[in-house]
Amino acid sequence: MNRTARLYALVEELRAGAPRPLTVAALAARFEVSTRTVQRDLQALMESGVPVRTTPGRGGGWTIDPATTLPPMHFTADEAWALAAALTAADASTPYAGAARTAYQKIVASMTGPASAAARELAARIVALPRPIDSAVRAAVEQALTDNRVLRLSYVDAAGRESDREVEPAGLLTADGRWYLIAWCRTRQAGRGFRLDRIAAAAPTGDQANPHDLAQLLHGSAAADAVRPAAPASLL
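Trainee: What's the story with the overall build of the protein in this structure? I'm lost.
Mentor: Each helix and strand in the protein was counted, giving eight helices and seven strands. Among the 236 residues that make up the protein, the fraction classed as buried is 36%.

Trainee: I'm lost on the packing of helix α1 (residues 3-17) against helix α3 (residues 35-47) in this one. Help?
Mentor: A packed helix pair is summarised by two numbers, namely the angle formed by the two axes and the spacing between the axes. One can describe the packing of α1 onto α3 by two numbers: an axis separation of 10 Å at closest approach and a directional angle of 80°. Between α1 and α3, the angle is such that the two are roughly perpendicular. Contact with α1, carried on its side by Arg3, Arg6, Leu7, Leu10, Val11 and Leu14, involves Thr37, Arg40, Asp41, Leu42, Ala44 and Leu45 of α3 and no other residues of that element. Here the contact of α1 with α3 is composed, by residue class, of seven nonpolar, one polar and four charged.

Trainee: Would you take a moment to explain the pairing of strand β3 (residues 149-156) for this structure?
Mentor: Successive residues of a regular strand alternate their side chains across the two faces of the sheet. Across six bridges, β3 lies against strand β7 (residues 199-208) in antiparallel orientation. Following the sheet pairing, Leu153 is matched in β7 by Ala202. Note: β3 against strand β4 (residues 162-175), six bridges, orientation antiparallel. Residue pairing across strands places Val156 opposite Glu162, the latter belonging to β4. In sequence, β3 turns back onto β4 through a hairpin of five residues, with Gly160 there showing a positive phi of about 90°.

Trainee: Whenever I open this one, the nonpolar core confuses me. Can you help?
Mentor: The nonpolar side chains of soluble globular proteins are, as a tendency, buried together. Counting residues in each nonpolar core, the largest one holds 17 residues, and the members touching the most others are Leu14, Leu27, Leu42, Leu45 and Val52. Contributing elements (two or more residues each) for this core: α1, α2 (24-31), α3 and β2 (61-64). Residue contacts for Leu27: discarding those within four places in its chain leaves Leu10, Glu13, Leu14, Leu22, Val38 and Leu42. If you look at the next biggest cluster of nonpolar residues, it comprises 16 residues, including Leu153, Phe194, Leu196 and Ile199.

Trainee: How should I be thinking about the pairing of strand β1 (residues 52-55) in this particular structure?
Mentor: Where β1 meets β2, four bridges bridge the pair, whose relative direction is antiparallel. Counted as the bridge partner of Val52 is Ile64 from β2. In sequence, β1 turns back onto β2 through a hairpin of five residues, with Gly57 there showing a positive phi of about 90°.

Trainee: Looking at this structure, I do not really get the packing of aromatic side chains. What am I missing?
Mentor: Scanning the entire structure with this criterion turns up one aromatic pair. Note that Arg30 overlies the ring of Phe31, its terminal NZ or CZ placed 4.9 Å from the centroid.

Trainee: What exactly am I supposed to notice about the pattern of salt bridges here?
Mentor: Pairs can form between side chains of opposite charge once their charged atoms are near each other. Inspection of every chain in the model, using the stated rule, returns 11 salt bridges. Measuring nitrogen to oxygen at the nearest pair gives 3.5 Å for the salt bridge that ties Glu13 to Arg30. Of this pair, Glu13 sits in helix α1 while Arg30 sits in helix α2; the two residues are 17 residues apart in sequence, bridging distant segments of the chain. For Glu13, a relative accessible area of 25% gives the class partly exposed. Ionic pairing is found between Arg186 and Glu166, a salt bridge with its closest N-O pair at 3.6 Å. Of this pair, Arg186 sits in the loop between β5 (178-185) and β6 (190-195) while Glu166 sits in strand β4, and the two are 20 residues apart along the sequence. One salt-bridge network, in which partners are shared between bridges, spans Arg152, Glu166, Glu168, Arg186 and Asp207.

Trainee: What should I look at first to understand the side chain of Arg138 in this one?
Mentor: Relative to the elements of secondary structure, Arg138 occurs in helix α7 (residues 135-147). The residues contacting Arg138, other than those within four sequence positions of it, are Ala92, Ser93, Thr94, Pro95 and Ile133.

Trainee: Before we go on, may I ask you to explain α1 in this structure?
Mentor: The periodicity of an α-helix, 3.6 residues per turn, causes residues three or four places apart in sequence to face the same way. Between its first and last C-alpha, α1 extends 21 Å over 15 residues, near the 21 Å set by a 1.5 Å rise per residue. Residues of α1 that are buried include every one of Arg6, Leu7, Ala9, Leu10, Val11, Leu14 and Gly17, and no others. In the core, the buried residues of α1 are packed alongside α2, α3, β1 and β2.

Trainee: Any chance you could explain the sheet that holds β6 here in plain terms?
Mentor: Neighbouring strands of a sheet are bound in pairs by backbone hydrogen bonds; such pairs are parallel or else antiparallel. Taken in spatial order, the five strands of this open sheet run β6-β5-β4-β3-β7, and their pairing is antiparallel. Each edge of the open sheet is held by one strand with a lone partner, namely β6 and β7. Pairwise comparison of adjacent strand axes, ignoring direction, gives a mean angle of 45° for this sheet. Here α7 sits on the sheet and contacts β3, β4, β5 and β7; the angle it forms with β7, its principal contact strand, is near 25°.

Thresholds, definitions, all that
Residues numbered from 1 in each chain as written. Predicted model: local features only at pLDDT ≥ 70, side-chain atom pairs only at ≥ 80, totals over all residues. Heavy atoms only, no water. Helix = DSSP H or I, 4+ residues; strand = E, 2+ residues; numbered from the N terminus. Buried < 20%, exposed > 50% of the residue type's maximum accessible area, 1.4 Å probe, protein only. Axes fitted to C-alpha atoms, helices over the stretch in contact; angles between N-to-C directions. Parallel < 35°, antiparallel > 145°, perpendicular 65-115°, else oblique. Contact = heavy atoms within 4.5 Å. Nonpolar A, V, L, I, M, F, W, Y, C, P; charged D, E, K, R; others polar. Pairing = 2+ DSSP bridges. Core = buried A, V, L, I, M, F, W, Y, C linked by side-chain atoms within 4.5 Å. Phe/Tyr/Trp six-rings, centres within 6.5 Å; stacked < 30°, edge-to-face > 60°. Lys NZ or Arg CZ within 6 Å of the ring centre and 35° of its normal. Salt bridge = Lys/Arg side-chain N within 4 Å of Asp/Glu carboxyl O. Expected span 1.5 Å × (residues − 1).

By themselves these figures say nothing about function.
The following block contains the structure:
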């Protein structure tokens, strides 16, 4: 078994044993390698962002959080190239751009030979011109959407007027190269679309957001004019 295959197998072994920790000695015996090799592999997994953790002492060992990992998935070369191309197009202003970048790196690293070279060559042909979106704003929007939390905004409209809002995020819309946060605006008591590059500041609050139907909010938001969808539900 080569190292790449063993790294995937280690993750699956830890997933199967979770939440019970597995010792380095047990893993070394399972994969018929030295404890030093297993220790080095586990350290590499941790440094690459895989949520493996070690617990010292009696009864300790290595564990993984199965809720934050995916089982192995097998892609054809065409599917891997498509994913690499799509992830490469996520420029620095795109929501979840950081995760897209590391996902691309993992996909290319898992490919070997001509397939890996082809994926890298394809990615090199894709150029994305980022829009000026503050990274702190983007991170706050991502966190609020992921945690379903109310977001406090300072927003500048098309006329240059700035206002403070509390909004309940419902989703994201992209149109004409721009990104919009679609949300229920508590200040206006209506659905609104907020261009990310017009959000001057953003911070998630501790309040849980109420659930909202994205299609219904899109009908009433200013962002709907950006695409005029015949059936907003098809965007979901």
